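The primary structure of each chain is shown beneath.
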Amino acid sequence: MSVLLIEAFYGGSHKQLMDLLQEELQEDCVLCTLPAKKWHWKARTAAVYFMQTVPTSTNYRILFASSVLNLAELVALRPDLGKLKKVLYFHENQLAYPVQKCQERDFQYGYNQILSWFMPEHKLAHLEKIIGVKRNGDAYQSEGLPGQQESRALGGLMKNSNVHFESGLCEAQPGLCTTQHEGLPSPLTALARLNKSEASESTNPCQEEDKQHLTFNLCNILSGRDYQQRPLHIAWPHRWEHDKDPETFFKVLLKLKEKELPFHVSVLGEAFTEIPDIFSEAKKALGSSVLHWGYLPSKDDYFQALCMADVVISTAKHEFFGVAMVEAVYCGCYPLCPKALVYPEIFPAEYLYSTPEQLFKRLQNFCKRPDTVRRHLYKGETAGFSWAALGGKFRSLLAAEPREDL
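Along every chain, residues carry numbers that run from 1 in the direction the sequence is written. In keeping with the model being predicted, local features are shown solely for residues with a pLDDT of at least 70 and side-chain atom pairs are shown and tallied solely at 80 or more, while totals for entire chains, interfaces and linings include all residues. Water and hydrogen atoms were dropped before computing side-chain values, which therefore reflect all heavy atoms in the structure.

Draft legend 1. Representation of the overall build of the chain. Counting from the N terminus, the helices are the DSSP runs of H or I reaching at least four residues and the strands are the DSSP runs of E reaching at least two. When you go through the chain residue by residue, the secondary structure sums to 16 helices and 13 strands. Buried, partly exposed and exposed residues are distinguished by accessible area as a fraction of the type maximum, computed with a 1.4 Å probe on protein chains only: under 20%, between the cut-offs, and over 50%, respectively. Within the span of the chain, comprising 406 residues, buried residues form 53% of the whole. Surface summary for the chain: the accessible area is close to 18800 Å², and the carbon and sulfur share equals 50%. Only the protein chains shown count as cover for residues, with accessible areas throughout obtained via the Shrake-Rupley method and a probe of 1.4 Å.

Draft legend 2. Spotlight on the packing of aromatic side chains. Between rings of Phe, Tyr and Trp, where Trp is taken as its six-membered ring, a pair exists when centres lie within 6.5 Å; planes separated by under 30 degrees are stacked, by over 60 edge-to-face, and by other angles tilted. This model, assessed by the stated rule, comprises 20 aromatic pairs. A centroid spacing of 6.3 Å and a plane angle of 40° characterise the contact between Trp236 and Phe250, whose relative ring orientation is tilted. In this pair, Trp236 sits in strand E8 (residues 232-236) while Phe250 sits in helix H9 (residues 246-258), placing the two residues 14 residues apart along the sequence. An identical accessibility class is assigned to Trp236 and Phe250; each is buried. Looking at Trp236, the relative accessible area reads 0%, which means it is buried.

Draft legend 3. Spatial organisation of the pairing of E8. Along E8, five of the five residues are buried, which leaves the element largely enclosed by surrounding structure. Taking every second residue as pointing to the same face, both faces of E8 are buried, with Leu232, Ile234 and Trp236 on one and His233 and Ala235 on the other. For two strands to pair, DSSP has to find at least two bridges joining them. Here E8 runs beside strand E9 (residues 263-267); their pairing, made up of five bridges, is parallel. In the strand pairing of E9, Leu232 is matched with Phe263. The pairing of E8 with strand E11 (residues 311-313) spans two bridges and is parallel.

Draft legend 4. How the structure looks around the environment of Phe90. Here Phe90 lies in the loop between strand E4 (85-89) and helix H5 (108-117). The exposure class of Phe90 is buried, given its relative accessible area of 6%.

Draft legend 5. A look at the packing of H9 against helix H10 (residues 278-286). For every element, the axis is a line fit to its C-alpha atoms; helices are fit only across the contacting stretch, and the angle between N-to-C directions ranges from 0 to 180 degrees. With their axes 10 Å apart at the nearest point, H9 and H10 run at an angle of 15° to one another. The orientation of H9 with respect to H10, classified from their angle, is roughly parallel. Seen along the crossing, H9 lies across H10 with a hand that is left-handed. Packed against H9, whose contacting residues are Pro246, Glu247, Phe250, Leu253, Leu254 and Lys257, the element H10 presents Ile278, Phe279, Ala282, Ala285 and Leu286 at the interface. When its residues are assigned to classes, the contact of H9 with H10 shows nine nonpolar, no polar and two charged. Orientation labels follow simple angle bins: below 35 degrees gives roughly parallel, above 145 gives roughly antiparallel, 65 to 115 gives roughly perpendicular, and whatever is left gives oblique. Two helices cross in a left-handed way if the nearer one is turned anticlockwise from the farther one by less than a right angle. They cross in a right-handed way if the turn is clockwise. Contacts are assigned to residue pairs that have any heavy atoms within 4.5 Å of one another. Classification convention: Asp, Glu, Lys, Arg as charged; Ala, Val, Leu, Ile, Met, Phe, Trp, Tyr, Cys, Pro as nonpolar; all other residues, Gly among them, as polar.

Draft legend 6. Spotlight on helix H14 (residues 356-368). Between the first and last residue of a helix there are one fewer steps than residues, each counted as 1.5 Å, and that sum is the expected span. Between its first and last C-alpha, H14 extends 18 Å over 13 residues, near the 18 Å set by a 1.5 Å rise per residue. Looking only at H14, the buried set comprises Leu359, Phe360, Leu363, Gln364, Phe366 and Cys367. For H14, the buried positions fall inside an angular range of 165° around the axis, keeping them on one side. For this quantity, the arc is that covered by the directions from the helix axis to the C-beta atoms.

Draft legend 7. View of H10. Looking only at H10, the buried set comprises Ile278, Phe279, Ala282 and Leu286. The arc that holds the buried residues of H10, viewed along the axis, is 95°, so those residues lie on one side. Along H10, exposed side chains directed more than 90 degrees from the buried face belong to Ser280 and Lys284. Backbone geometry just after H10 places Gly287 at a positive phi near 55°.

Draft legend 8. Fine view of the sheet that holds strand E12 (residues 334-338). A sheet is described by the order of its strands in space; here six strands give the open sequence E10-E9-E8-E11-E12-E13, paired in parallel fashion. Looking at strand neighbours, the two that pair on one side only are strand E10 (290-293) and strand E13 (352-353), the edges of this open sheet. Taken strand by strand, H9 contacts E8, E9, E10 and E11, and its axis lies near 160° from that of E9. Taken strand by strand, H10 contacts E8, E9 and E10, and its axis lies near 150° from that of E10.

Draft legend 9. Examining the state of the cysteines more closely. Pairs of cysteine sulfur atoms within 2.5 Å are identified as disulfides in what follows. Counting across every chain of the model gives zero disulfides. In this structure Cys331 is a free cysteine whose sulfur lies 3.9 Å from that of Cys307, the closest cysteine sulfur available. We classify Cys331 as buried; its relative accessible area is 0%.

Draft legend 10. View of the side chain of Asp19. By the element assignment, Asp19 lies in helix H1 (residues 12-25). A residue is classified by how much of its surface remains accessible, and Asp19, at 8% relative accessible area, is buried. Pairs of N or O atoms within 3.5 Å make up the polar contacts considered here, provided that, within protein, one atom can donate a hydrogen while the other can accept it, and that residues adjacent in sequence are counted only when both atoms are side-chain atoms. A distance of 2.3 Å separates a polar atom in the side chain of Asp19 from a polar atom in the side chain of Tyr10.

Draft legend 11. Highlighting the nonpolar core. Nonpolar core, defined: a set of buried Ala, Val, Leu, Ile, Met, Phe, Trp, Tyr and Cys residues in which side-chain atoms within 4.5 Å join the residues together. In terms of nonpolar packing, the biggest core is built from 59 residues, with Phe250, Phe347 and Leu363 touching the most fellow members. The residues touching Leu363, leaving out its near neighbours within four places in the chain, are Leu232, Ile234, Val252, Leu256, Val311, Ile313 and Leu336. Counting residues in hydrophobic clusters, the runner-up holds 27 residues, among them Leu34, Ala47, Leu71 and Leu88.

Draft legend 12. Fine view of the pattern of salt bridges. Criterion for a salt bridge: a side-chain nitrogen of Lys or Arg within 4 Å of a carboxyl oxygen of Asp or Glu. By the definition in use, this model includes twelve salt bridges. Arg239 is the salt-bridge partner of Asp243, the closest N and O atoms lying 2.8 Å from each other. The exposure class assigned to Arg239 is partly exposed, which follows from its relative accessible area of 26%. One salt bridge in this structure joins Lys244 and Glu319, with 2.9 Å as the shortest N-O distance. Residue Lys244 is located in the loop between E8 and H9, and its partner Glu319 is located in the loop between E11 and helix H12 (323-330); the two are separated by 75 residues in the primary sequence. Judged by relative accessible area, which is 8%, Lys244 ranks as buried. The class of Glu319 is buried, set by a relative accessible area of 9%. Salt bridges sharing partners connect three or more residues here, namely Arg239, Glu241 and Asp243.

What follows is the structure, given as structure tokens:
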């Protein structure tokens, strides 16, 4: 095992990347993690923890970690790791990360990133060399995803459907309607291509399993109504935290509700210890418009939910890439993103909005004519985000030997 993978916050996109690399490298790597809880504490103490728990080995050649870890501290505590080629992956910029309310920024976390920045030979905060998109922070994990000509998920997932995944193919069962617009794929096809086997369970004793078991029941959701007659289905697949600006999102939805416009919403993101008050308030206020509320641990259920949505919304205040938005586009959702951060470099102009009022007007029109979204073919480029496009470049990055002068 020549590659040492270290993740101090093993959850979300951090977990996606590490699991994919572990699956790719198989026996040639060892993965050391801490659970995705209490982020600030992990940033301050992870180096001391990994100093004690990372196995000593003369076979290591490369150390790959995310910037939650203070790499400078770890190398000082474990000189044997200092000799390795080091690759550091930045999921966010702590010097620009939004602070809650009016509290003063704690600069120690940005300072940690600066110290870590000086350590490795390779910093993957900006992935121009890997996928040609600037300021990418999150890594996309799925292999064999449909390209831009196959991104509209329509029709097909009817009341009595069964989905079978074999050899990467999706087979419709008897009685399953697969009607779709000309040139557009069935959502079953898109979902099958999104499906990827789960990584093996971690043996890290510090990790805890998610005790909340939620499933996405298509039978309850579809209820036999004609697809084109259903209200607009809006998805919000983001972490339930302040940097994703849920207040703006729910304010827009409540305005739609006030105007008595028909829509459904699925709030799919993951919640942590502190949940903004707006979530409980919005759930109550939205009432029957809520189709699904809560995190879906099953990847299949999650992609299934995205395949059933029409529009995916981001209101983020801080974003290096946005895995959830790209995943939703692959599943056929029409994206609406702020005209800021990294989004203009990924999504064409028609999918961007400048103000909450613009977002409201776009959704207002879609609520009145949901068929315009369902017939839409995504106009952006998506193929470059698949593992088929990225895998070889990551393999090359992790195959090089350390410098001889170390």
